Amino acid sequence: MEKRIYAALPTYSLQQAIEICKQCDDTEDYVLLPLSVGFYWDDWKLAQSICLRLFAHQNAAVRANAALGLSYIARNHGKLDKHIVKPYLLQELRQNETYRWRIIDALQDINLFLDWHMAEKAIQKYE
């Protein structure tokens with residue numbers, strides 16, 4: 001069994017985030033970037049944009065963490081552009097079978113913190 005070690009999320013500057021998004025390989029930074037920007041960045045719109053960009057990544061874990069990053073933004077800022085983020089979240093809910101549980105958690109958190117009712121019927125289908 002793999003031993004898990006707690007480590008604080010790294011913080012990334014805008015320049016570091018841009019460099020990570022330009023990379024072509026799957027690095028740990030890709031997985032951590034949406035969580036970090038959702039948790040630490042004051043500019044919620046810029047953090048949202050980074051998360052949305054990561055929904056195009058080939059790695060399912062990166063895309064799932066992009067959804068989780070959006071939930072961090074909802075938690076920490078109480079804001080998201082619903083008409084922009086909803087299609088990304090719904091598509092990932094349908095297509096990301098491996099990490100669907102994480103997408104559901106993110107959607108439920110977003111609904112809780114923003115008092116939305118997004119994808120509630122779709123979530124019931126998978127629970």
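As shown above, the structure is provided for reference.
Quick caveat: nothing in here was measured; it's all calculated off a predicted structure.

Q: So what exactly am I meant to see when it comes to the nonpolar core here?
A: Across soluble globular proteins, nonpolar side chains have a tendency to be buried as a group. In terms of nonpolar packing, the biggest core is built from 39 residues, with L33, L54, L70, L80, L89, L107 and I110 touching the most fellow members. At the level of secondary structure, the elements contributing two or more residues to this core comprise helix 1 (14-22), helix 2 (28-40), helix 3 (44-54), helix 4 (60-77), helix 5 (82-95) and helix 6 (100-114). Not counting residues within four places of it along the chain, the set of residues in contact with L70 comprises Q48, C51, L52, F55, L80, V85, L89 and I110.

Q: Hey, could you run me through the state of the cysteines in this one?
A: Here, the word disulfide means a covalent bond between the sulfur atoms of two cysteines. The final tally for this structure, using the stated rule, is zero disulfides. In this structure C21 is a free cysteine whose sulfur lies 9.5 Å from that of C51, the closest cysteine sulfur available. Owing to a relative accessible area of 12%, C21 belongs among the buried residues under this scheme. A residue is classified by how much of its surface remains accessible, and C51, at 0% relative accessible area, is buried.

Q: Got a minute to help me understand the pattern of salt bridges in this structure?
A: Should the charged atoms of two oppositely charged side chains come close, the side chains can pair. Under the counting rule described, the total for this entry stands at three salt bridges. In this structure, E19 and K22 form a salt bridge, with 4.0 Å as the shortest nitrogen-oxygen distance. Taken together, the positions of E19 and K22, both in helix 1 and three residues apart, correspond to about one turn of that helix. The class for E19 is partly exposed, based on a relative accessible area of 38%. Taking relative accessible area as the criterion, K22 reaches 55% and is therefore assigned exposed. Taking the shortest distance from any N to any O, the salt bridge between D109 and R75 comes out at 3.5 Å.

Q: What should I look at first to understand helix 1 in this one?
A: Every α-helix carries 3.6 residues per turn, so stepping three or four residues along brings you back to the same face. For helix 1, the set of buried residues is A17, I20 and C21. Along the axis of helix 1, the buried positions cluster into a sector of 100°, meaning they face one direction only. Structurally, helix 1 contributes buried residues whose contacts are with helix 2 and helix 3.

Q: In this structure, what is going on with the side chain of R63? I would like to understand it.
A: Within the secondary structure layout, R63 lies in helix 4. Looking at R63, its side chain comes within polar contact range of the side chain of E92, at 2.8 Å. Contacts of R63, omitting those with residues within four sequence positions, involve L54, F55, H57, Q58, E92 and N96.

Q: Even after reading the chapter, I still don't get the packing of aromatic side chains, so can you show me in this structure?
A: The relation between two aromatic rings is expressed through the spacing of the ring centres and the mutual angle of the planes. Per the stated rule, a full pass over the model turns up three aromatic pairs. Ring geometry for F39 and Y40: centres 4.9 Å apart, planes at 85°, overall edge-to-face. Its relative accessible area of 32% is what places Y40 among the partly exposed residues. Between the aromatic rings of F39 and Y72, the centroid separation amounts to 6.3 Å while the plane-to-plane angle is 70°, which identifies the pairing as edge-to-face. In this pair, F39 sits in helix 2 while Y72 sits in helix 4, placing the two residues 33 residues apart along the sequence. Members of the aromatic cluster, joined through ring pairs, are F39, Y40 and Y72. Over the aromatic face of Y126 sits the side chain of R100, whose NZ or CZ is 4.0 Å from the ring centroid.

Rules and cut-offs
- Every chain is numbered on its own, with residues counted from 1 as its sequence reads.
- Where local features are concerned, this predicted model is filtered to residues with pLDDT of at least 70; where side-chain atom pairs are given and counted, the filter is 80 or more; whole-chain, interface and lining totals use all residues.
- Hydrogens and water are ignored here; the side-chain numbers use all heavy atoms of the structure.
- As used here, the term nonpolar core means buried Ala, Val, Leu, Ile, Met, Phe, Trp, Tyr and Cys residues forming a set that is joined through side-chain atoms within 4.5 Å.
- In this scheme, a residue with accessible area under 20% of its type's maximum is buried, one over 50% is exposed, and one in between is partly exposed, where area comes from a 1.4 Å probe on protein chains only.
- Put simply, DSSP marks the helices as runs of H or I at least four residues long and the strands as runs of E at least two long, and each gets a number from the N terminus on.
- For this analysis, residues touch if any pair of their heavy atoms sits within 4.5 Å.
- We call a pair of cysteine sulfur atoms a disulfide when they lie within 2.5 Å.
- Any carboxyl oxygen of Asp or Glu that lies within 4 Å of a side-chain nitrogen of Lys or Arg is treated as forming a salt bridge with it.
- Note that the arc is defined by the directions from the helix axis to the C-beta atoms.
- Within 3.5 Å is the distance limit for a polar contact, defined as a pair of N or O atoms, with the added protein rule that one can donate a hydrogen and the other accept it, and that residues adjacent in sequence qualify only through two side-chain atoms.
- Here the aromatic set is Phe, Tyr and Trp, taking the six-membered ring for Trp, and pairing holds for ring centres within 6.5 Å; pairs whose planes are under 30 degrees apart are stacked, those over 60 apart are edge-to-face, and all others are tilted.
- In this scheme, Lys NZ or Arg CZ marks a charge over a ring once it lies within 6 Å of the ring centre and within 35 degrees of the ring normal.

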